[in-house]
Amino acid sequence: MNYVIVGSTGSWEVVIGLEVHAQVISKAKLFSGASAHFGSEPNTQVSLVDAAFPGMLPVINRECVDQAIRTGFGLNAQINLVSRFDRKNYFYADLPQGYQISQFTHPIVGKGEIEIELDDGTVKKIGITRLHLEQDAGKSIHDLAPKETCIDLNRSGVALMEIVSEPDMRSPEEAGAYLRKIRAIVRYLGTCDGNMEEGSMRADVNVSVRKPGEKYRTRCELKNINSIRYVMQAIEIEAKRHVEIYENGGEIDQETRLFDVVKGETRTMRSKEDAHDYRYFPDPDLLPLIVEQSHVDHLNATLIELPDAKRNRFQNEYGLSRYDANVLVAEKDIADFFENVAKGRDGRLASNWVTGELFAVLNKKGLSIHDSPVKAEAIGALLDLIGDKTINGKIAKEVFEDMVETGDMPADIVKRKGLRQVTDTGVIDKVIVDILFANADKVEQYKSGKDKLFGFFIGQVMKEMKGKANPVIVNELLKKHLSV
Amino acid sequence: MTDKQKDDALDIKIVQRVAKLSALAVKENELAIYAQDLGGIIHWVEQLNELDVSTVEPMVGAENAKLRMREDKVTDGNCREAVLSNAPERIADFYAVPKVVE
Amino acid sequence: MLTEMTIANAIEGLRQKEFSADELTRDHLKAINLLNNRLNAYITVTEKVALGQAKAADEKLASGDAPMLTGVPLAIKDLFCTKDIPTTAASRILENFIPPYESTVTANLLKDGAVFLGKTNLDEFAMGSGNLNSVFGAVENPWKRKGDDAFLVPGGSSGGSAAAVAARIALGATGTDTGGSIRQPAAYCGITGIKPTYGRCSRWGIIAFASSLDQAGPMAKTVEDCAILLQSMAGFDPKDSTSVDREVPEYRAACNRSLKGLRVGIPKEYCASGMSSEIEAIWQQGIDWLKEAGCEIVDISLPHTKYGLATYYIIAPAEASSNLARYDGVRYGHRVSGNSLDELYANTRGEGFGVEVKRRILMGTYVLSSGYYDAYYLRAQKVRKLIYQDFMNAYEKVDVLLTPTAPSAAFAKDEHQDDPVQMYLNDIFTVPASMAGVPGLALPAGLNKQGLPLGLQLLGRPFDEETLIAVGSAMEKAANFTYKPAIHSGVSL
């Protein structure tokens, strides 16, 4: 099911490439010892290096390098043992040095690829061109003073990973799936928190359109979009703009554009003529970044299990469907929660409870898995009670509701409410005899062929026993009595 | 100005473009002087074209050295007054510049 | 006058209680008061700070626990950031800039007890060969041609430091050398200076000109004094990624090393056409001294020498164009308002920088810009590699190289002003070692017919400053350069 834009001249294909800027999780900044923590008082997390005072020099943070390498593994990419830092020169209010230290010609991570999965189950590979390390800029605040822009340098110098994809995506949906996958990978690895709203992950989108089989046409770059939904909207709007212009005999100019969420349109930010000439050159304050193969191997060996591998393991180890496994591994916290429930228990049952009852509660209450009112251990204990026939599945749902409300452990609830399942055949037998006696007419009808009434008798017995009877035993005994 | 200097002089448009990239206000009457000076220097450094450097690796700085890395520790910052004390203009705890329109 | 002393003598005299640090400092401050109006060697004189430091030094000396430089009055090139003391780089754009930090090199000197007399004049952002490009005005070379009162330049860019040491208004000084800015003014002012190996002294807190070339070093009357100062200035600094983690040897001990069997290379390419016969003669004199000291003289070739200057005038401006981008009128320094941020930048920088600095920023931006990068900048980096290899090849055959320091003696303020390229030629002998990152030592070897000092330069293997000091000491003894400039602390104006 290909995504196409149907115009007056036929169908158009959309070509999308993404540049994701992901803020590295580290204590200190990339080239200075100031804190990289988000959300402090203005200009408190700024060293003289970040404010580009005369004579200040950059010294690289080892952890940021390691985080980039870990992310490189997450992208199944080539790790470059030798890389370099370059200066990207331009003047801007929140760029104190007058240049950004980045990696232009020799990035730390080279080619890789990731798999994305679409709603219809299609799996597609998206190429990764490179990942490089660079400095984040400060923040310009435009609404504090009438005639001035205020500059806060707290973010200036925080490490960023720029992850560049190949132009391999062909629909807004694919772009969305790609971003979700990148976010899942960096969150799994703990290399970026992936919060697009707070700006710790941002995307630049390159969009062009073409007729099927054509070479690539001119692309436009949409800058700094801060949600997956907006990325998808922006692509759709921009692609339609291209088609419209082409079909009216126009040409697309290569330019940088802004996506206006409110107006639902894109508009020119910088045309090609105004394009910066960044004058990249190797930063003479920094020597080549050389990492030892043994260190890279060590990082690889201690790498956390990534979503794809975890999904495969969940399928094999717990007998889950690919779909269910994908749902569970989408976020590492959910996957971990599931495993705490499932370990040593029936995996499919655990999956059903987590994605069914638990997700329903979380959705209703608007909670994340982290704030779940029911802990994994408690759900596990509930499954154990089902497993050892202390309660049946129906009662279990009642117990679960109680767990959500009270936070009590299931065994305590079963005890408090007297919900223990009745497995005493004598007790059940007596109830069955009473029910059959009171409904002699229906027994007759059943015996003359109205099989469906079996369910009615089950229902009556369970009702009489307040749902606590073991359904298997009820079934067996009832069959015995009715066959007499 | 000699004929040679005139020949070497850079195109004024290039000087303007380079001045813009450098964020330097250059007065009209200085443009021709820079065009001549820069043209002369550029012509002079073109003597490097005599050399065949096709097989030479570029040298950035210190040779045979690699970047030393520091530990991920917060050792700096929290010095707002030091950072702001030299600012020509500040508003509260921010640096201030003429309004930037995006 | 105590200002006549060498640092070595002063250290001894202070410890023998022949005089106090306070007296030594006051003598210098008095001499500065008398001479600085004329010479313009200091931009800022930090009298109060100096007297406070001298007092503290005397207390330390009295306690018997005084580090090497305790009480030694020094001048600091105004390119080193000094905490709470204005630091200008001789530029309007840094007017009123007061660093809240101390450069590593000056911090090392302070830790060793030095007294700072003030900040010395220089070419703006260290860009120049005559100290003519300072917003605070030119520095006058204390030397005069015989029978001629013409204003001679002290060389650049460390012109104020060189003039201060020559005129005896500082016992020693710090300089920085990017393409010859310690060695060439040392030669013009008849003093000694060392440009250490790139990475030997920390660049942290020194206002950057060209990061891959900048290196701090000492300037003083004698080789031994330079060795004493370098001992304190040098060392590993984790705040500078290009600083080298390598032990600092006892430089002073190298002064008395025997030169027997040492191989001294004479690079034929330094015999530039048009070199004055006086320079050639003093070079030959140097060769003879070293022969007598037991050295083996070897003719060698550094084939890419002639391309050094052109390479330098691509690479240094390129780096400078980027290093100077931070002077934008936003966080510190001079600001000229504008209707927009872009206007503010352009006005601030247009007015804040002087002509030579702007010329180099434009040149640097040009050679890095799209379409020119490969033809100029990348090519220059490759030629730089060839120059580096020339030196490495030479050091397989010889231990040290001997060359003239500059192609002429000090020139007058109104000479070679109009053509920048002519001005750049003053650095022809100093630039190649900067490109290769190898250490150099310049010392006075004699006077020319007009009575001006002429210098010789020794170039060594990376991190072998000791051999330069050993050879320099021997040459110093042979040269017995006891001449003094026309203007110095012992004469009345």
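As shown above, the structure is provided for reference.
Notes on the structure follow. (Residues numbered from 1 in each chain as written. Chains lettered and ligands numbered in written order. Predicted model: local features only at pLDDT ≥ 70, side-chain atom pairs only at ≥ 80, totals over all residues. Heavy atoms only, no water.)

Bringing the overall build of chain C into the picture now. Counting its regular elements, chain C contains 15 helices and 11 strands. Scaling as 2.2 N^0.38, a compact globule of 493 residues should have a C-alpha radius of gyration of about 23 Å, and chain C matches this with 21 Å. For chain C, the spread of C-alpha atoms along the three principal axes comes to 65 × 55 × 50 Å. Here chain C holds 493 residues, and 69% of them are scored as buried. Counting contacts in chain C only where the partners sit at least 6 residues apart, residues at least 24 apart contribute 77% of the total. Surface accessibility of chain C: about 15,000 Å² in total, with carbon and sulfur atoms responsible for 48%. Between the mean site of the 48 positive side-chain charges and the mean site of the 55 negative ones, chain C shows a separation of 1 Å. (Helix = DSSP H or I, 4+ residues; strand = E, 2+ residues; numbered from the N terminus. Rg over C-alpha atoms; globule rule 2.2 N^0.38 Å. Buried < 20%, exposed > 50% of the residue type's maximum accessible area, 1.4 Å probe, protein only. Contact = heavy atoms within 4.5 Å. Areas by Shrake-Rupley, 256 points an atom, 1.4 Å probe, with all protein chains shown as cover. Lys, Arg positive; Asp, Glu negative; His and termini not counted. Charge placed at Lys NZ, Arg CZ, Asp CG, Glu CD.)

What follows is about the state of the cysteines. All names here are of chain A. Enumeration according to the criterion identifies 0 disulfides over all chains in this entry. Considering cysteine sulfurs only, Cys64 is the nearest to Cys192, which forms no disulfide, with 12 Å between them. Judged by its relative accessible area of 1%, Cys192 is buried. (Disulfide = S-S within 2.5 Å.)

As a further point, take the pairing of strand S5 (residues 86-89) of chain A. Residue and element names in this part refer to chain A. Alternating residues of S5 divide into Asp86 and Lys88 and Arg87 and Asn89, and every residue in both groups is buried. Pairing of S5 with strand S6 (residues 99-102), which is carried by 4 bridges, proceeds in the antiparallel orientation. If you follow Arg87 over to S6, its bridge partner there is Ile101. As defined by bridge partners, S5 adjoins strand S16 (residues 281-282) across 2 bridges and the pair is classed as antiparallel. Each residue of the ladder has a partner; that of Arg87, found in S16, is Phe281. (Pairing = 2+ DSSP bridges.)

At the interface, 46 residues of chain B touch 66 residues of chain C. Across the chain B/chain C interface, buried area totals approximately 4,900 Å², and carbon plus sulfur atoms make up 68% of it. Seen at the junction of chain B and chain C, the total is 3 salt bridges. Across the pair Asp37 of chain B and Arg359 of chain C runs a salt bridge whose closest N-O atoms are separated by 3.0 Å. The interface formed by chain B and chain C contains 17 residue pairs in polar contact (both at pLDDT 80 or more). The set of elements that each furnish at least two residues to the side of chain B that touches chain C consists of helix H2 (12-21), helix H3 (28-45) and strand S3 (94-98) of chain B. A total of 8 residues in the side of chain B that touches chain C trace back to one element, the largest contributor, which is H3 of chain B. (Buried area = accessible area lost by both parts, 1.4 Å probe. Salt bridge = Lys/Arg side-chain N within 4 Å of Asp/Glu carboxyl O. Polar contact = N/O pair within 3.5 Å; in protein donor to acceptor, adjacent residues only side chain to side chain.)

Looking now at the pattern of salt bridges. Residue and element names in this part refer to chain A. Summed over all chains, the structure comprises 67 salt bridges over all chains. Taking the shortest distance from any N to any O, the salt bridge between Glu166 and Lys111 comes out at 3.4 Å. Remark: Lys111 occurs in the loop between S6 and strand S7 (112-117) and Glu166 occurs in the loop between strand S11 (159-165) and helix H2 (172-189); sequence separation between them is 55 residues. Here the salt bridges share partners, and the residues they tie into one network are Glu305, Lys310, Arg313, Glu317, Glu339 and Lys343.

All right, on to the sheet that holds strand S10 (residues 440-447) of chain C then. All names here are of chain C. If you walk across this open sheet you meet the 11 strands as S1-S3-S2-S4-S6-S5-S10-S11-S9-S7-S8, and the pairing is mixed. Taken across any chain shown, the strands that pair with only one partner, and hence form the sheet edges, are strand S1 (42-45) and strand S8 (296-300). Strand after strand, the sheet turns through a mean of 30° between neighbouring axes, direction not considered. Here strand S4 (residues 172-177) runs beside strand S6 (residues 215-220); their pairing, made up of 6 bridges, is antiparallel. Bridging across to S6, Gly172 finds its partner in Ala220. Contacts between helix H3 (residues 47-63) and the sheet are confined to S1 and strand S3 (115-120), with S3 contributing the most and set at about 160° to the helix. (Axes fitted to C-alpha atoms, helices over the stretch in contact; angles between N-to-C directions.)

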